[in-house]
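Examination of the molecular architecture
As a plain string of letters, each chain reads:
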Amino acid sequence: MRLLGKIFGGLLLLVILAAVGASMWFWFTPVGVNNYINKVTIQFAADTPELMTGLGLVDNTPLDFHSGKLSDYTKAKDEKDLAKLKKARAGLDKYGPDGLEGQELLSWKITAWFFDDLIRQAEMEYGGYRVVQNSGATVDLPQFLTDLHVIKNEKSVKRYISRVNEFGRVLREVKARVEDDRAHGVIPPDFIIEKSLGVMRNFIEGGASQNALVTTLPRKLDDIGLSEEKKADYIAQTTAAVETEVIPGYEAMISLYEEMLQETDHNAGIWRIPDGDKVYAIALKSNTTTDMTADEIHEVGVAEVARIEAEMNDILVAEGYTEGTVSERVKALMTDPAHNFPNDDEGRQQMLDYLVELNEEVMAKAPEFFITLPDQPLEILRVPEYSEDSAPGGYYQGPALDGSRPGRFFINLKNTADNPRWTLPTLLYHEAAPGHHFQISVAQKIKNVPLLRTLSPFSAYTEGWGLYAERIASLDMGMYEDDPLGDLGRLQGEMFRAVRLVVDTGMHAKKWSREEAIAYMIEKTGNTEDDVTREIERYVVWPGQATAYKTGQLAILDIRAKAEEELGDKFNLREFNEMILMNGAMPLDILREVADEWIAEQKA
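Residues numbered from 1 in each chain as written. Predicted model: local features only at pLDDT ≥ 70, side-chain atom pairs only at ≥ 80, totals over all residues. Heavy atoms only, no water.

**Quick word on helix α23 (residues 514–525)**
The terminal C-alpha atoms of α23, which comprises twelve residues, lie 16 Å apart, in line with the 16 Å expected from a rise of 1.5 Å per residue. Buried within α23 are the following residues: R514, A517, I518, Y520, M521, I522, K524 and T525. Contacts from the buried residues of α23 go to α10 (190–204), α15 (294–318), α16 (326–335), α22 (484–508) and α24 (529–541). (Helix = DSSP H or I, 4+ residues; strand = E, 2+ residues; numbered from the N terminus. Expected span 1.5 Å × (residues − 1). Buried < 20%, exposed > 50% of the residue type's maximum accessible area, 1.4 Å probe, protein only. Contact = heavy atoms within 4.5 Å.)

Given below as structure tokens:
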């Protein structure tokens, strides 16, 4: 499962693989590169029960063989997956690139790059931390069970209980892997262990009857119309499973982490583990889909921070905010009660209502700037309370194509002051429309290409699009024409991503401490210390991931600038956006090739 986690990006792919379920037509495509890629994709998905549930179509059908199970998390399973992946990559060479052209050649290039990248990562067996404050079985599986396991009849209830029991076995397997990591010198920093312990303790606090795996069940049982007697029985079975399997598994993991806390240090960068420099180089290549070095990325980040800071100052001065540094003025705005929703249930609901209103406004303008729009609706929801401490400010979860699950934008409402009103538009435009909701939902509609082309396994493309979408909302769609502070929020969001280039490379390549990175981010963004701390600690455990956003945005903007220059009056923004979206995610260098071909076609 560790390898599959690297392949599919954890919970992200549980969502994105919804596209697979509606694409079973692949069984009937002609033999060739597309069919081969489809076959391999399905084989990997079918081997993992969590990913199969993420399809959104297969559970509770006659094809359901998996929804009472959880994956094998053992080292032997990872070794088997790596061997299967290498075999799949070797098999791809039988289908190209010689003799291919057009979309088939593009599919081969994308898949070859993807497989090579996965193999590079998987071969680094001790390349990161397995259980941390925001990912790993102790975080991912509770949300998977409460949010993605669909309960629609008694059989699915029984399968849910089976999975809760299976959770105990998973925790034992993962604990063995953490112990193996520890024996090979891979132990998280002390502050990560402390945060991880806090998350694990919080999850089991209150005992089995108060656990989220139990407390989220009654409403679902009400929805399927069970008798009170049956409801009580199923709740009792689930409570017993949590009591005998889940809580002991967490307690054992907590004990292990308490031991490791005495053995670790405070260094933040991945350089601290064996072969850490190599781990980081592979992570940068994977996340940026470029060959940029850590030094090059750091320099780009420093330059972008300076540019954005100057633009933010212009807005602040124009609005009468002239005293102090840019970040001091932004911080004053962040803490101004006039711009914050009350930090109570009523204020949180007001924030959700405001986001719904913003989404309606941007969707009304969207047809002027985009050709293909999402068919799926969007829900705007609160981040589950049990994961608020480690979750980001907001994130997107893609839809299932059968309509059972819409696209979802989750907003972290632990402290409403983390997201003042003027910062919310750009967060919505990035995560929802026209950002990830467009990019992920629209990609699911791409026809006559392998399934991999409709997924989004390239962070630089997906996060680059999200950040590019923020620019579209401002500079093209005019969403901030009467809202200068909202535009300041956009720049603050862009500053946030530019700072990420600096602090990620700072910690993992230049040996910055956690405290240095936090201080720099607070200085340049004006964000709250709690918000910044959560972010920095996320970068510590996901080396390189934070560099994808700005790298991808700058690449897309560079591609667009080239298209505008070469096409002149022939440049059409709707068609440009369609070209970027309707070819699906891909490495940035391959995207440049696709754009060059499109420019040539437009000229002709």
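**Here's the deal with the side chain of H66**
By the secondary structure assignment, H66 is in the loop between α5 (49–53) and α6 (75–92). Of note is the side chain of H66, whose polar atom sits 2.5 Å from the side chain of D59. Excluding residues that lie within four positions of it along the chain, H66 makes contacts with P49, M52, T53, V58, D59 and R163. (Polar contact = N/O pair within 3.5 Å; in protein donor to acceptor, adjacent residues only side chain to side chain.)

**Side note on the side chain of R272**
Mapped onto the secondary structure, R272 falls in the loop between α13 (228–261) and α14 (276–288). You can call R272 buried: its relative accessible area is 17%. Looking at R272, its side chain comes within polar contact range of the main-chain oxygen of N267, at 3.1 Å. In contact with R272, other than residues within four places in its own chain, are Y129, I187, P188, P189, T264, D265 and N267.

**Describing the pattern of salt bridges**
On inspection of all chains with the given rule, the structure shows 55 salt bridges. A salt bridge links K550 to E304; its shortest N-O distance comes to 2.8 Å. Taken together, the residues span a long stretch of sequence, with K550 in helix α25 (residues 548–567) and E304 in helix α15 at a distance of 246 residues. By relative accessible area, which is 0% here, K550 ends up buried. One salt bridge in this structure joins R514 and E515, with 2.9 Å as the shortest N-O distance. Residue E515 is classed as partly exposed on the basis of its relative accessible area, which comes to 36%. Connected through salt bridges with shared partners, the residues E304, R307, E311, R471, D487, R490, E494 and K550 form a single ionic network. (Salt bridge = Lys/Arg side-chain N within 4 Å of Asp/Glu carboxyl O.)

**What about the pairing of strand β2 (residues 394–397)?**
Two faces, one strand: in a regular strand the side chains alternate between the faces of the sheet. Because side chains alternate across β2, one face comprises the buried residues G394 and Y396, and the other comprises Y395 and Q397, equally buried. When β2 meets strand β3 (residues 407–411), the two strands line up antiparallel, connected through four bridges. By the bridge assignment for β3, Y396 is matched with F409. (Pairing = 2+ DSSP bridges.)

**Some points on the confidence of the model for the chain**
Looking at the chain, pLDDT values average 91 and 94% of them are 70 or higher. Note on residues 1–30: pLDDT is under 50 here. Beyond four places in sequence and across chains, it has 89 contacts. (pLDDT = per-residue confidence, 0-100.)

**Focus: the nonpolar core**
Counting 77 residues, the largest nonpolar core has L355, F370, F409, I411, W465 and F576 as its most contacted members. If one sorts the elements of this core by residue count, helix α7 (residues 102–123) sits on top with nine residues. With residues up to four places along the chain from it excluded, the contact list for F370 reads P434, F438, W465, I472, M477, R574, N577 and L581. (Core = buried A, V, L, I, M, F, W, Y, C linked by side-chain atoms within 4.5 Å.)

**So, the sheet that holds β2**
Sheet architecture is open: three strands sit in the order β1-β3-β2, paired in mixed fashion. The strands lining the two open edges of the sheet, one partner per strand, are β1 (378–382) and β2. Neighbour to neighbour, the strand axes of the sheet diverge by 20 degrees on average, direction disregarded. Note: β1 against β3, five bridges, orientation parallel. Considered in β3, the bridge of E379 is made with R408. (Axes fitted to C-alpha atoms, helices over the stretch in contact; angles between N-to-C directions.)

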